[in-house]
Amino acid sequence: MNNTLLIVLLWPLVSMVLSLLPAKEASGKTAFALSLAGMLLSVYLFMGFVPANGMQQVMSYAWIPSMGISFKIGMDGISLLLIMLTNVLTPLIILSSFGRKIENPKAFYALILLMQFALLGVFVALDGFLFYIFWELALLPIYFICLLWGGKDRVRITLKFFIYTLTGSLLMLVSLIYLYLQTPDTHTFDIDAFYQLQLSGTQQAFVLWTMFFAFAVKIPIFPLHSWQPDTYVDAPTPGTMLLSGIMLKMGIYGLLRWLLPTVPAAVHEYGFLIMAFCVTGVVYASCIAIVQKDFKRLIAYASIAHVGLISAGVFTLNSEATEGAVFQMLSHGVNAVGLFFIADIIMTRLKTRTLSELGGIVNNQKIFTIAFMIIMLGTVALPLTNGFVGEFLLLAGIYAYHKWMAFFAGLSVILGAVYMFRSYQAIMLGSRHWSDSEFTPLTISEKTVLVSVAALVILMGIFPSVLMDAAAPSIKTLLSLVSAR
Amino acid sequence: MNTIVILSVTGIAAMMSDVFKLKKTLYGLSLLGLLIALVFSVCDWGQYASYFNQMVLTDNYAVVFTSMLIGMTFLWFLMSKDFFSSHSSASEHYALILFSLTGGVMMTNFSDLTILFLGLEILSISLYILAGSDKGNLFSNEASLKYFMIGSFATGFLLFGIALVYGATSTFNLKEISDYVQGHNGSLPTYFYAGTLMILTGLTFKVSAVPFHFWAPDVYDGSPTLVTTYMLSVVKMAAFAALYRLFINCFAPVYEFWIPVFAIMSAVTMLLGNITAVYQKSLKRMLAYSSIAHAGYMLMALASPGIASKNALVFYLLAYAIATLGVFNVLYQVHKVTGREEIKSVKGLFRKNPFAAITLTLCMLSMAGIPPAAGFFGKYYMFVSTINGGLTWLVLIAVLSSLIGVYFYFKVIIAAFQEPELENTAYYRQPSDLTVLYICGILSLLLGILPQFVAGLL
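These figures come from a predicted structure and were not determined experimentally.

### Quick notes on the overall build of chain A
Logical step 1: When its secondary structure is counted, chain A shows 18 helices and 2 strands.
Logical step 2: Radius of gyration (C-alpha) of chain A: 21 Å, near the 23 Å computed for a compact globule of 485 residues.
Logical step 3: Dimensions of chain A along its principal axes, counting C-alpha atoms only, are 70 × 55 × 45 Å.
Logical step 4: Burial status across chain A gives 65% buried among its 485 residues.
Logical step 5: Of the roughly 16,300 Å² that chain A leaves accessible, carbon and sulfur atoms contribute 68%.

What follows is the structure, encoded as structure tokens:
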């Protein structure tokens, strides 16, 4: 039996233990090396993946047999791409924290690796209960990362974040238990059993809204987003990267894997309403982003706009938009990490993120300027960057679903260009000149992160098919599950 | 049976120890007695035997609860050495604790209403004295008196209820009452129902369910911390074991009559307990209110009778008792060193002892019901059995009140990870002072990862 998936899943847990062993000073390097090894493992996983085979490397062990709970994991193309995203971004996130002053680094890196484990678990779980456990487990490390290393107002903000997301999770738990009790006798949490349920209209609606609440808080979809800007701004940069780069993909993945195929009739019925929320969020968050003064807060709102578009695409239930959603999840992850890192570089050097106090960095920072430019173009979806592929597919799919919806969703591209160019102009251009002592040159680790992100932006834009081919058959299977019933 | 005998003998020996000059070895002897009792209790597993003219019945339900009671008392002894060393009347303390445990064991074994009453009285009277064992402290005196007055009142209700049920069915035996009720369902006199309600009142008093909870905060807050620990972990367990055993075995045929009562009580209890706990500054008082809230969750088991809820109750009680012992171990040490019991007194724990802070976090997570700690599975099993029983609204209320709970449980966790207010605050004198915390933290995690070892016992 092929155990690569299990090894990829458990590797972060092993790394977490290993990273606790060496001395304080070496813990960051150890964690980086171990997560790099994890990345290589997942590349190996990617090589061995056969797109046409559907769900692969499925393994199932009884965990709590009396309750029909098993440790069942497996992956299809969508899971695989998200595993890749997690494992590629984690080393970058760890690397981005080098050179920053971090108290108690051992605990910090251990929590990041624990987070990675939980995220991978969410993407591979094929048992409802296991999914829930990983989902909750992901909340704990990020809570502590924000609580212990966050900004000034962290106690209040992180608690709000925690309770907000936990509300969603518990409602999801209720709906999972409900589904569990609907499965035939000797109940089970197996996802295949959930897919085969024949629920009535009201039952489907109940499950849809309780589960959707959990996912919508995490993504976050307007109007459940109010925890997000504060948390993003107050979290330490690696925490923000984890949150925006990977964690919110949990919600979109949950929609795709657990919600759509389980309650297809309710999705058909209420899809339009939900899309309206998503699209409202796109326009709303973009408008707010335009008037932000703080760069990090601006990116946070931009993030709401982008994920709103992705979620709208998910509910169109056509293959273009769904493929676009999956691809855009990856692009958004890469771009968000890049942008937050840029904000962090500016913050550590100039001690401010306020747009009006910045400017003129272009004059002596070559690599920084080019990398920022590329990442920004990726974010505004210029052709040949990663953002273009996803947004084009998404808008095409939404257009096929509903014209006016596409019109408003399309505003995100225009408004996105407005706030991105505006911030680029304010930060980089201008006559101001920072001396080397004010804006110290980038360190090697910083350069590595920026160059890697920029390279990913371009490579994903030029060769999207490498990734899309892996996911396309799985998306087709998924959509056939939704339309079959 | 043997368990009750051994525990009583150990208790009597402790009382006599002054005469025989056994005082120095009494701690060891008590632990030994508890261990032997535990072994005998576990050996009863699978044996279905009744004693004393069918007044005491050892079935698996009784074995599970007896073993849990003794196990928790054992853990409690490990953290409470001071309780016996610092007082002149140590031997009485030993005796009272052991007697109250005996009473608790009787409350899990009874198959006759008189034994239930006897057990409850043995348990309660010992506790009335223990609550006031800090003689110089006014709050302790207040707790004792309040507990005694209101407790006696509740006992009166219980006794009156038993008398009415006896009047209707002319027997004390659970099995016979159940048969009688089954046979005459629909033609039972009104005073039978009145009796049931009075018994319900008397027993829910002991588990501190709303609206019979108003004694609890003052008693839990005023009693010496270690006695409070004992009340919250062991006594609550015994009271719930008795309540569940009585209603499931005895009044099952008329469940339509009392299920709504328990369901509403459960909802009100968890909401009120959690909401009030939010406003507490004192950690001890907060835990007192949170224990009221937990009683609400446990009442969900009575609102959805069945095998699933029986297992859920066992798991919930165990998880809760373990977490309580762990948290109180910290609280007690903090109190001993700083003399304060506020939430902010645990500030700086992470700085001083990261491992202790992490295990405390685990215990708090267990109380809040967040995976991977044991308390999550307690809530989970409870939710499943309640949704299965058709009370989805109750589960939604439980979800809501758990969220309120997260807020104040996390205040403790946050405090533990914050910087200390005073420099050089020690949180324990020796590392071994926190042994019970470590045991409880590890147990909480183990039960959270491998719950099936306990979950499917019954």
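Once you've had a look at it, read on.
### Looking at the interface of chain A and chain B
Logical step 1: With 30 residues of chain A in contact, the opposing surface of chain B contributes 30 residues.
Logical step 2: Approximately 2,800 Å² of surface area, both sides summed, lies buried where chain A meets chain B, with 86% of it carried by carbon and sulfur atoms.
Logical step 3: Connecting chain A to chain B are 1 salt bridge.
Logical step 4: The salt bridge involving A:E103 is made with B:R351; its shortest N-O contact spans 3.9 Å.
Logical step 5: Broken down by secondary-structure element, the contributors of at least two residues to the side of chain A that touches chain B are β1 (56-64), α5 (128-149) and α6 (154-182) of chain A.
Logical step 6: The element that contributes the greatest number of residues to the side of chain A that touches chain B is α6(A), accounting for 13 residues.
Logical step 7: Its residues assigned to classes, the side of chain A that touches chain B shows 26 nonpolar, 2 polar and 2 charged.

### As for a nonpolar patch on the surface
Logical step 1: On the surface, A:L384, A:I458, A:L459, A:I462, A:F463 and A:V466 cluster together into a nonpolar patch covering about 560 Å² of accessible area.
Logical step 2: Along the chain, the position of A:F463 falls in the loop between α17 (444-462) and α18 (464-484).

### As for the pairing of strand β2 (residues 69-75) of chain A
Residue and element names in this part refer to chain A.
Logical step 1: Of all the 7 residues making up β2, 6 are buried; the element is thus mostly covered by neighbouring parts of the structure.
Logical step 2: Relative to β2, β1 runs antiparallel, the two sharing 6 bridges. Across the sheet, A62 pairs through a bridge with S70, a residue of β2.

### Concerning the domain arrangement of chain A
Residue and element names in this part refer to chain A.
Logical step 1: Examined at the domain level, chain A breaks down into domain 1 (1-262) and domain 2 (268-480).
Logical step 2: Computed from C-alpha coordinates alone, the two centres of domain 1 and domain 2 are separated by 22 Å.
Logical step 3: Of the roughly 4,300 Å² buried where domain 1 meets domain 2, counting both sides, 79% is carbon and sulfur surface.
Logical step 4: Area buried by domain 1 at its contact with domain 2 is led by L81, R100 and F222, which between them contribute 15% of it.
Logical step 5: Here domain 1 and domain 2 share 3 salt bridges between them.
Logical step 6: A salt bridge links R100 to D344, with the nearest nitrogen and oxygen atoms 2.6 Å apart.
Logical step 7: Where domain 1 touches domain 2, the interface holds 10 residue pairs in polar contact (both at pLDDT 80 or more).
Logical step 8: Ranked by residue count, the leading element in the side of domain 1 that touches domain 2 is helix α10 (residues 237-259), at 12 residues.

### Examining the packing of α5(A) against α6(A)
Residues and elements named next belong to chain A.
Logical step 1: The contact between α5 and α6 brings their axes to 10 Å, and the two run at 175°. For the element pair α5 / α6, the angle class is roughly antiparallel.
Logical step 2: Among the residues forming the contact of α5 with α6, the class breakdown is 18 nonpolar, 4 polar and 2 charged.

### What about the environment of A:G121?
Logical step 1: Turning to its location among the elements, A:G121 is positioned in helix α4 (residues 105-124).
Logical step 2: Spatially, the C-alpha atoms of A:G121 and A:L479 are 23 Å apart, while their sequence positions differ by 358 residues.

### Let's talk about the pattern of salt bridges
For side chains bearing opposite charge, pairing can occur when the charged atoms are close.
All names here are of chain B.
Logical step 1: All told, the structure shown has 18 salt bridges over all chains when counted by the stated rule.
Logical step 2: For the salt bridge of K175 with D179, the shortest nitrogen-to-oxygen distance reads 3.2 Å. Taken together, the residues span about one helical turn, with K175 and D179 both in helix α8 (residues 174-183) at a distance of 4 residues.
Logical step 3: Judged by relative accessible area, D179 falls into the partly exposed class, the value being 42%.
Logical step 4: When salt bridges that share partners are traced, they join E142, K146, D218, D221 and R285 into one network.

Reading the values: rules and limits
Residues numbered from 1 in each chain as written. Chains lettered and ligands numbered in written order. Predicted model: local features only at pLDDT ≥ 70, side-chain atom pairs only at ≥ 80, totals over all residues. Heavy atoms only, no water. Helix = DSSP H or I, 4+ residues; strand = E, 2+ residues; numbered from the N terminus. Rg over C-alpha atoms; globule rule 2.2 N^0.38 Å. Buried < 20%, exposed > 50% of the residue type's maximum accessible area, 1.4 Å probe, protein only. Areas by Shrake-Rupley, 256 points an atom, 1.4 Å probe, with all protein chains shown as cover. Contact = heavy atoms within 4.5 Å. Buried area = accessible area lost by both parts, 1.4 Å probe. Salt bridge = Lys/Arg side-chain N within 4 Å of Asp/Glu carboxyl O. Nonpolar A, V, L, I, M, F, W, Y, C, P; charged D, E, K, R; others polar. Patch = residues over 30% accessible without salt bridge, like charges linked within 9 Å, V, L, I, M, F, W, Y side chains within 5 Å. Pairing = 2+ DSSP bridges. Domains from an automatic or database assignment. Polar contact = N/O pair within 3.5 Å; in protein donor to acceptor, adjacent residues only side chain to side chain. Axes fitted to C-alpha atoms, helices over the stretch in contact; angles between N-to-C directions. Parallel < 35°, antiparallel > 145°, perpendicular 65-115°, else oblique.

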